[in-house]
Protein chains: 2
Amino acid sequence: MIKLKHPSGVIQTDSPKNISYANRGVSLEEDINLTNTYYVDEKIAYIYKKPTPIQINKTIYGVDGPRIKDAFFKEASTTDYNGLYRGKYIDFDAKETSSKTSFPIKNIHSHQLSHLKNIDENGGIAFLIVRFTALDKTYLLMAKDIFNYINSNTSKSIPLSFFEERAHPIETKYRPRLDYIKIIDKLYGGINGTK
Amino acid sequence: MIKLKHPSGVIQTDSPKNISYANRGVSLEEDINLTNTYYVDEKIAYIYKKPTPIQINKTIYGVDGPRIKDAFFKEASTTDYNGLYRGKYIDFDAKETSSKTSFPIKNIHSHQLSHLKNIDENGGIAFLIVRFTALDKTYLLMAKDIFNYINSNTSKSIPLSFFEERAHPIETKYRPRLDYIKIIDKLYGGINGTK
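Residues numbered from 1 in each chain as written. Chains lettered and ligands numbered in written order. Predicted model: local features only at pLDDT ≥ 70, side-chain atom pairs only at ≥ 80, totals over all residues. Heavy atoms only, no water.

Caption draft 1: Spatial organisation of the overall build of chain A. A tally of helices and strands in chain A yields 5 helices and 12 strands. Looking at chain A residue by residue over its 195 residues, the buried ones come to 43%. Restricting to contacts in chain A with at least 6 residues of sequence separation, those with at least 24 account for 63%. In the structure as shown, chain A presents an accessible area of about 10,200 Å², 49% of it carried by carbon and sulfur atoms. (Helix = DSSP H or I, 4+ residues; strand = E, 2+ residues; numbered from the N terminus. Buried < 20%, exposed > 50% of the residue type's maximum accessible area, 1.4 Å probe, protein only. Contact = heavy atoms within 4.5 Å. Areas by Shrake-Rupley, 256 points an atom, 1.4 Å probe, with all protein chains shown as cover.)

This is the structure:
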């Protein structure tokens, strides 16, 4: 959030008009984190980031408990984000590419693909948020569409045209930064929840 | 799974009759992991364990990528398990106590309580699986009941009688080990899912 210090000392947090919030060098992850905070604050949805999985090799025991002295980052076995919207399970990963023409499928690890498949098969809402940084375009692509593409194409990357045709553009705004829940709501035609 | 080596060399994995699988010194976590594997294999539900959150102090960069050289375990900010059953969001933690009379509330960290509250408020299914190891009893206690207890009692622990009255006993069986989805299904009267 951009906070403007007002001469009176009051911090003005309202959205200034006619300012583009796109492409400010802010990472996609940061945009998503801000959006998720907004969803929690406004009691819209509860989506959170999972811890990074690591493999521990060596732990020592000190006075303040165990301390990890050697470990490495494991390949992601699931996605970065999950949570819920009106009782429905939501799961996604955020990916950035500098390519102007296509998204390399190798950016999605095979474990992540099986994870998204499991979510989809159990009635959950699974997708990717993909940003083409050079084009300043962000899309929500449903997992089903990714599987369809992979199953019917031999290409090692998903062309931008496929995103333009099948994915859902997400506008970068002031607040919420990336309103992906709006798209989910539209796609699922107002989710029947317990709320 | 208990594998009996048959004289013929065939590994017999069928359930032997009249054997109690309870209280074999197997941890609650192990029982839950076995159950979750069963749910995935049988395409019933997809519930998985989250990575352990750590705080990294020092990372070095070697030929095989970054390596963590100093880190410690952070207090759990969420729960250990989450996933979905017929599209519905499910979230829980597993707790063991050696007490024969009550479950100490301090075993649930404050972050975990707010996490469960967020799940509950967003229409998800939030609960604890609590095992009284000395009694060999395992219960599923809905988060709503935990909040109710905490809000209307000053006691620092939840007595066993509260579990007997409000919680749902989970039998330890051969396969699935702890069929907690059966309880969820009963409580929610057959979930309307996309399956």
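Caption draft 2: Structural view of the sheet that holds strand S4 (residues 54–62) of chain B. Strand order across the open sheet formed by 4 strands is S4(A)-S5(A)-S5(B)-S4(B), with antiparallel pairing between neighbours. Each edge of the sheet is formed by a strand with only one pairing partner; in this case those strands are strand S4 (54–62) of chain A together with S4 of chain B. Sheet twist, expressed as the average angle between the axes of neighbouring strands with direction ignored, equals 20°. Inspection of the sheet shows strand S5 (residues 65–73) of chain A paired to strand S5 (residues 65–73) of chain B by 4 bridges, in the antiparallel sense. (Pairing = 2+ DSSP bridges. Axes fitted to C-alpha atoms, helices over the stretch in contact; angles between N-to-C directions.)

Caption draft 3: Structural view of the interface of chain A and chain B. Contacts between the two partners involve 40 residues from chain A and, on the opposite side, 40 residues from chain B. Here chain A meets chain B over a buried area of about 3,200 Å², counting both sides, of which 57% is carbon and sulfur. Three residues stand out in chain A for area buried against chain B, namely Tyr46(A), Ile68(A) and Asn122(A), and they jointly supply 19% of the buried area on that side. Between Asp70(A) and Arg67(B) there is a salt bridge whose closest N-O contact spans 3.1 Å. The interface formed by chain A and chain B includes 20 residue pairs in polar contact (both at pLDDT 80 or more). Elements supplying a minimum of two residues to the side of chain A that touches chain B: strand S3 (46–49), S4, S5, strand S6 (81–85), strand S7 (88–97) and helix H2 (110–121) of chain A. (Buried area = accessible area lost by both parts, 1.4 Å probe. Salt bridge = Lys/Arg side-chain N within 4 Å of Asp/Glu carboxyl O. Polar contact = N/O pair within 3.5 Å; in protein donor to acceptor, adjacent residues only side chain to side chain.)

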